[in-house]
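Structural features, examined
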Amino acid sequence: MYDLVIIGSGPAGLSASIYAKRAGLNALTLEQNPMSGGQVLNTYEVDNYPGLPGINGFDLGMKFREHADKLGCEFMEAAVQEIRQALAAEQRLEAEKSEMKAASFSDDIERDLGFAVVTDQGEIKARTVLAATGATHAKLGIPGEEELTGMGVSYCATCDGAFFRGKVTAVVGGGDVAVEDAIFLARACEKVYLIHRRDELRAAAVLQKEVMSLPNVEILWDTVAKKIEGTDKVQALVLENVKTGESRLLTVDGVFVAVGIIPSGDILKGLVDQDERGYVLAGEDCMTSMSGVFAAGDIRKKKLRQVVTAVADGANAVTSVLEYLNSK
Ligand SMILES: Cc1cc2nc3c(=O)[nH]c(=O)nc-3n(C[C@H](O)[C@H](O)[C@H](O)COP(=O)(O)OP(=O)(O)OC[C@H]3O[C@@H](n4cnc5c(N)ncnc54)[C@H](O)[C@@H]3O)c2cc1C
């Protein structure tokens, strides 16, 4: 049985692996993808992680993983499907046992201790579980979006806004994140278009007031993006007015998509408290409502989702895991 099973090897999971190894824990990190690094792998350039200015996102992900490998952290490629309390797993085995009388089962199934992490590679037992499963940004699903991601299409204004200094950008969305992105970009960009499919924003009133006061932000109401055009970099957006059906071509250097983030929290449903969107309710100590289950990185409900906050969570989570194990 592992002391700790970490689910996900993005920045939060890799930081946790490193801290767990250094703390002498018997830890295993599970990753569903063939490669570690998480969302950061898709980032052309990360220019806000201290000490590594302008690093390519892929290289940063590789550096995190190399560090963990150097320390001898244990990894396994596996997609976690479910997390069960060991007691429930034991009860399930007991039930199976009574149905299949001839089968022999081990007598030393742990009693009310830890968790069974169910993966596509089998079941793994752990005294504690850390969910570092991250989140994915909702996509527009329009032509050009995937091809030009990292070449002018971005899902993170805080991360990539600085690359568009003095340029013309468009933000697609109408909620808090979209409006915050437009305000953030307006500081550096010559012009920012906020493209919203409705005739009123969903963002908080205070944000709406601020964005509308900015001379270099123009809101295009009742408008949807139909296509992103460009060869090797974004050049224009094809827009459509949903009321008139009229199409237009908008010349832009960058498109920031802010139509929502989807937390990868399905495997935690029913196990820990989550908000209405699926983010895990856990404080800076990364402790969830379920004793022994922890959450770190973008999956946790918090204000700022960045590499630097994800790696901080990984470290904090392991500190909480140690406290938990020492208290047993
Ligand atoms: C395009 C883009 C650009 C960005 N640019 C920057 C930037 O410049 N600076 C910055 O600080 N931040 C940036 N970010 C944000 C940053 O990447 C995230 O905040 C950070 O990656 C979060 O780390 P995480 O470990 O919490 O989650 P993730 O990076 O999402 O990693 C989660 C990992 O868990 C794995 N996983 C999920 N579910 C399972 C499962 N059931 N079983 C096994 N494995 C699972 C996933 O495969 C993934 O590898 C950017 C994000 C994007 C999308």
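Coordinates for the structure precede this section.
So, a few notes on the structure that sits alongside this text. (Residues numbered from 1 in each chain as written. Predicted model: local features only at pLDDT ≥ 70, side-chain atom pairs only at ≥ 80, totals over all residues. Heavy atoms only, no water.)

1. A closer look at the overall build of the protein
Of the regular secondary structure elements, the protein holds 7 helices and 17 strands. Its C-alpha atoms give the protein principal-axis dimensions of about 70 × 45 × 35 Å. Restricting the contact set of the protein to residue pairs at least 6 apart, pairs at least 24 apart contribute 60%. Taken as a whole, the protein presents about 16300 Å² of accessible surface, with 49% of it coming from carbon and sulfur. Of the side-chain charges in the protein, 34 are positive and 47 negative, and the distance between the mean point of each set is 2 Å. (Helix = DSSP H or I, 4+ residues; strand = E, 2+ residues; numbered from the N terminus. Contact = heavy atoms within 4.5 Å. Areas by Shrake-Rupley, 256 points an atom, 1.4 Å probe, with all protein chains shown as cover. Lys, Arg positive; Asp, Glu negative; His and termini not counted. Charge placed at Lys NZ, Arg CZ, Asp CG, Glu CD.)

2. Concerning the site of the ligand
Around the ligand, 32 residues are found, and the nearest of them are Glu31, Gln39, Asn48, Cys159 and Asp298. For the ligand, an oxygen atom lies 2.9 Å from a polar atom in the backbone of alanine 12. One of the backbone nitrogen or oxygen atoms of valine 307 is found 2.8 Å away from an oxygen atom of the ligand. Relative to its unbound accessible area of 1000 Å², the ligand is 94% covered by the protein chains. Looking at the shell around the ligand, the elements that each hand over two or more residues are α1 (11-22), β2 (27-31), β7 (135-137) and α7 (307-326). When the residues that make up the shell around the ligand are grouped by side-chain class, the tally is 14 nonpolar, 14 polar and 4 charged. (Near = heavy atom within 4 Å. Polar contact = N/O pair within 3.5 Å; in protein donor to acceptor, adjacent residues only side chain to side chain. Nonpolar A, V, L, I, M, F, W, Y, C, P; charged D, E, K, R; others polar.)

3. A short note on the environment of threonine 149
Within the fold, threonine 149 resides in the loop between β7 and β8 (153-154). Put simply, threonine 149 and proline 34 are 115 residues apart on the chain and 21 Å apart in space, counted from C-alpha to C-alpha. Engagement of the side chain of threonine 149 in a polar contact is seen with the backbone oxygen of glutamate 145, the distance being 2.7 Å.

4. Focus on the layout of surface pockets
Considered as a void within the structure, the second largest pocket measures approximately 250 Å³ in volume. Among the secondary structure elements, those contributing two or more residues to the lining of the second largest pocket are α1, α2 (57-70) and α7. In terms of residues, the lining of the second largest pocket owes the most to one element, α1, which gives 5 residues. When grouped by side-chain class, the residues that make up the lining of the second largest pocket number 9 nonpolar, 2 polar and 2 charged. (1 Å grid on protein atoms, 1.4 Å probe; cavity = no way out; pocket = protein on both sides within 12 Å on 5 of 7 lines; lining within 4 Å. Points joined across faces, edges and corners; volume = space filled by probe spheres on them.)

5. Topic: the sheet that holds strand β9 (residues 168-172)
One open sheet holds the 5 strands; their spatial order is β8-β15-β9-β10-β11, and the pairing between them is parallel. Two strands close off the open sheet at either side, each with one partner strand: β8 and β11 (217-220). Where β9 lies against strand β15 (residues 254-257), 4 bridges are found, and the strand directions are parallel. Bridge assignment links alanine 170 to a residue of β15, and that residue is valine 255. (Pairing = 2+ DSSP bridges.)

6. A word on the packing of α1 against α2
Two numbers describe how α1 lies on α2: the axes approach to 9 Å, and their chain directions differ by 20 degrees. Taken together, the axes of α1 and α2 are roughly parallel relative to one another. In the packing of α1 onto α2, the handedness of the crossing is left-handed. Residues Pro11, Leu14 and Ile18 of α1 lie in contact with α2, whose contacting residues are Gly61, Phe64, Arg65, His67 and Ala68. (Axes fitted to C-alpha atoms, helices over the stretch in contact; angles between N-to-C directions. Parallel < 35°, antiparallel > 145°, perpendicular 65-115°, else oblique. Left-handed = near helix turned anticlockwise from the far one by under 90°.)

7. A word on the nonpolar core
Core analysis: the largest hydrophobic core is formed by 24 residues, its most contacted members being Val5, Ile7, Leu30, Ile83 and Leu268. Broken down by secondary-structure element, the contributors of at least two residues to this core are β1 (2-7), β2, β4 (80-85), β5 (115-119), β6 (122-131) and β17 (293-295). A total of 4 residues in this core trace back to one element, the largest contributor, which is β6. Residues within four places of isoleucine 83 in sequence aside, it is in contact with Ile7, Phe115, Ala116, Val129, Ile267, Leu268 and Leu271. In this structure, Val179, Cys189, Val192 and Val217 belong to the second largest nonpolar core, which totals 20 residues. (Core = buried A, V, L, I, M, F, W, Y, C linked by side-chain atoms within 4.5 Å. Buried < 20%, exposed > 50% of the residue type's maximum accessible area, 1.4 Å probe, protein only.)

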